[in-house]
Amino acid sequence: MTLESDLSQSLLSKTVHLDANLDLRSHSIESLLNQLKIMQLIRNCEIKIAEMRKIGIIGGPVHLGAGQEAVAVGISRFLRKTDRVFSAHRSHAHLLALGASPKALFAELLGRSTGLTKGMGGSMHLWDQPNGFYGSVPIVAGTVPLAVGAGLAAKMQIKDDIAVSYFGDGAMEEGVVHESLNLASHLAIPILFVCENNLFSSHMHISQRQPIHSVARFADANKIRKKVVDGNNLIEVESAAEELIAYARSGNGPVFIEAVTYRHFGHVDWRDDIDVGVSRSAEDLEVWKLRDPITRLEKALILLDPKLKNLIESQSSQINDEINNAWKLAEMDQFPEPSFLLESVYGKESK
Ligand SMILES: Cc1ncc(C[n+]2csc(CCOP(=O)(O)OP(=O)(O)O)c2C)c(N)n1
Ligand SMILES: [Mg+2]
């Protein structure tokens, strides 16, 4: 049974196991270790953020994507700094996978002037254009048409850069996403739409919102080439991304990936939702944690070569040290001057 037909029938069935071994045959160990390192970095950053939010050091809400790392990491491997990536409220992985600095992200969450949006935006308004990250905005689906515009601009500039639009299954229910798919297809805009279908829109499961659990049918409706992947399988994400990104880059128009995944934390902050009475099943969460993309890749690598175990462990502890250091450095940075608040809202007063 393919994942796609699986999805519409029995995705949530406890019998659907996605934790089978990954097929690493056509990948170099070096590249896999590097991809694992990026996933570990993102995971550890988010765990740090969850801890700091829980004790109130971070003042504003954070939407954590732990469990979904393979999607951004698998896709970003085929992106360039000149591509134009847009995201939404749950965007830490999308940003970090492009090579953004964890310290600049932390500084932003701490409201410091060295943050990615100079301490003015917090977790839901991130920007790092030098690394190709054109921005995240918490208005659900708000950046999807912007990404289409950025893709159109690349086309008009006769560049083979592409735009990437990350959004969730909930965003798929906004009209503007359908307008965006239609326009992108009609004008053959070079854009990769990535729907991270984590089955939830805030606290509502997809079965309470849609007749079918998969959203890829909307790509078909707009004649957009698409793939549905197990978003917790880095190898599967990479292979879809490699093919579809090359297709979009070669002037063939938009492409669409539906990556089925699951978040470990609840909708917002460090809670897991179940602890505050939301009807997310504890059993489903357990099943999905068994499908964790990082553990799966680690296990597969160690199975391939047991000597990699030590290397993986030391890589992980080195990343942990780097993140703790980055956090300490970010905390030492200054807050913006109060006058900057008005400057960034209304622009600089002309004299
Ligand atoms: C236009 C708009 N409507 C509603 C909200 C409130 N809201 C914030 S996140 C969210 C759920 C989005 O779900 P999804 O797109 O699947 O992303 P996920 O949180 O699962 O990553 C909602 C409804 C909002 N921010 N913007
Ligand atoms: Mg969702």
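No experiment lies behind these values; they were computed from the predicted model shown.

Moving on to the coordination of the magnesium ion (ligand 2). Distances from the magnesium ion (ligand 2) to its protein donors, namely D169 (OD), N198 (OD1) and F200 (O), fall within the range 2.1 Å. Sequence positions of the residues that donate to the magnesium ion (ligand 2) give the spacing D-x28-N-x1-F. Of this pair, D169 sits in the loop between β3 (163-168) and α7 (175-186) while F200 is found in strand β5 (residues 200-201), placing the two residues 31 residues apart along the sequence. We note that D169, like F200, is buried.

Moving on: the side chain of S180. By the secondary structure assignment, S180 is in helix α7. You can call S180 buried: its relative accessible area is 3%. Among residues more than four places away in sequence, those in contact with S180 are V144, P145, V148 and F193.

Moving on, we come to the site of ligand 1. Lining the immediate surroundings of ligand 1 are 15 residues, of which H89, R90, G170, N198 and F200 lie closest. P138 is positioned with one of its backbone polar atoms (N or O) 2.9 Å from a nitrogen atom of ligand 1. In the model, an oxygen atom of ligand 1 is placed 3.0 Å from a nitrogen or oxygen of the A171 main chain. Contact with the protein chains removes 70% of the 580 Å² of surface that ligand 1 exposes when unbound. Here ligand 1 is seated within the largest pocket. Of the residues contributing to the shell around ligand 1, the split by class is five nonpolar, seven polar and three charged.

Strand order in this open sheet of six strands is β2-β1-β3-β4-β8-β7, and the pairing throughout is parallel. Each of the sheet's edge strands pairs with one partner strand only, and the pair in question is β2 (133-136) and β7 (225-230). Taken pair by pair, the neighbouring strands of this sheet meet at an average axis angle of 15°, ignoring direction. Here strand β4 (residues 191-197) pairs with strand β8 (residues 255-260) via six bridges, running parallel. Within the sheet, the bridge partner assigned to F193 lies in β8 and is F256. Strand contacts of helix α6 (residues 144-156): β1 (84-87), β3 and β4, with the helix running at about 170° to β3, the strand carrying the most contacts.

Below, the discussion takes up empty space enclosed by the protein. What the rule picks out here adds up to two cavities of 30 Å³ or more. Volume-wise, the largest cavity comes out at about 70 Å³. Every residue along the wall of the largest cavity is listed here: E46, H63, G65, Q68, E69, R90, S91, H92, A93, H94 and E196. When residues in the lining of the largest cavity are grouped by element, the largest group, three residues, is from helix α4 (residues 92-96). Split by residue class, the lining of the largest cavity holds one nonpolar, six polar and four charged.

Further remarks concern the pairing of β1. Burial along β1 is two-sided: R84 and F86 facing one way and V85 and S87 facing the other are all buried. Two strands pair when backbone bridges link them, and β1 and β3 are joined in this way by three bridges, in the parallel orientation. What sits directly across from V85, in β3, is V164. Relative to β2, β1 is paired through three bridges, and the arrangement is parallel. Among the inter-strand pairings, F86 is bridged to a residue of β2, identified as G135.

This part covers the packing of helix α5 (residues 102-109) against helix α12 (residues 308-332). Taken N-terminus to C-terminus, the directions of α5 and α12 make an angle of 45°; their axes are 8 Å apart at the nearest point. One way to sum up the angle between α5 and α12 is to call them oblique. Of the two elements, α5 crosses α12, and the hand of that crossing is right-handed. Taken together, the residues of α12 that come into contact with α5 (itself represented by K103, F106 and A107) are I323, A326, W327, L329 and A330. Residues belonging to the contact of α5 with α12 are distributed by class as follows: seven nonpolar, no polar and one charged.

What counts, and at which threshold
- Residues numbered from 1 in each chain as written.
- Chains lettered and ligands numbered in written order.
- Predicted model: local features only at pLDDT ≥ 70, side-chain atom pairs only at ≥ 80, totals over all residues.
- Heavy atoms only, no water.
- Donors = N, O, S within 2.8 Å, 3.2 Å for Na, K, Ca; no water.
- Helix = DSSP H or I, 4+ residues; strand = E, 2+ residues; numbered from the N terminus.
- Buried < 20%, exposed > 50% of the residue type's maximum accessible area, 1.4 Å probe, protein only.
- Contact = heavy atoms within 4.5 Å.
- Near = heavy atom within 4 Å.
- Polar contact = N/O pair within 3.5 Å; in protein donor to acceptor, adjacent residues only side chain to side chain.
- Areas by Shrake-Rupley, 256 points an atom, 1.4 Å probe, with all protein chains shown as cover.
- 1 Å grid on protein atoms, 1.4 Å probe; cavity = no way out; pocket = protein on both sides within 12 Å on 5 of 7 lines; lining within 4 Å.
- Sits in = over half its atoms within 2 Å of the grid points.
- Nonpolar A, V, L, I, M, F, W, Y, C, P; charged D, E, K, R; others polar.
- Pairing = 2+ DSSP bridges.
- Axes fitted to C-alpha atoms, helices over the stretch in contact; angles between N-to-C directions.
- Points joined across faces, edges and corners; volume = space filled by probe spheres on them.
- Parallel < 35°, antiparallel > 145°, perpendicular 65-115°, else oblique.
- Left-handed = near helix turned anticlockwise from the far one by under 90°.

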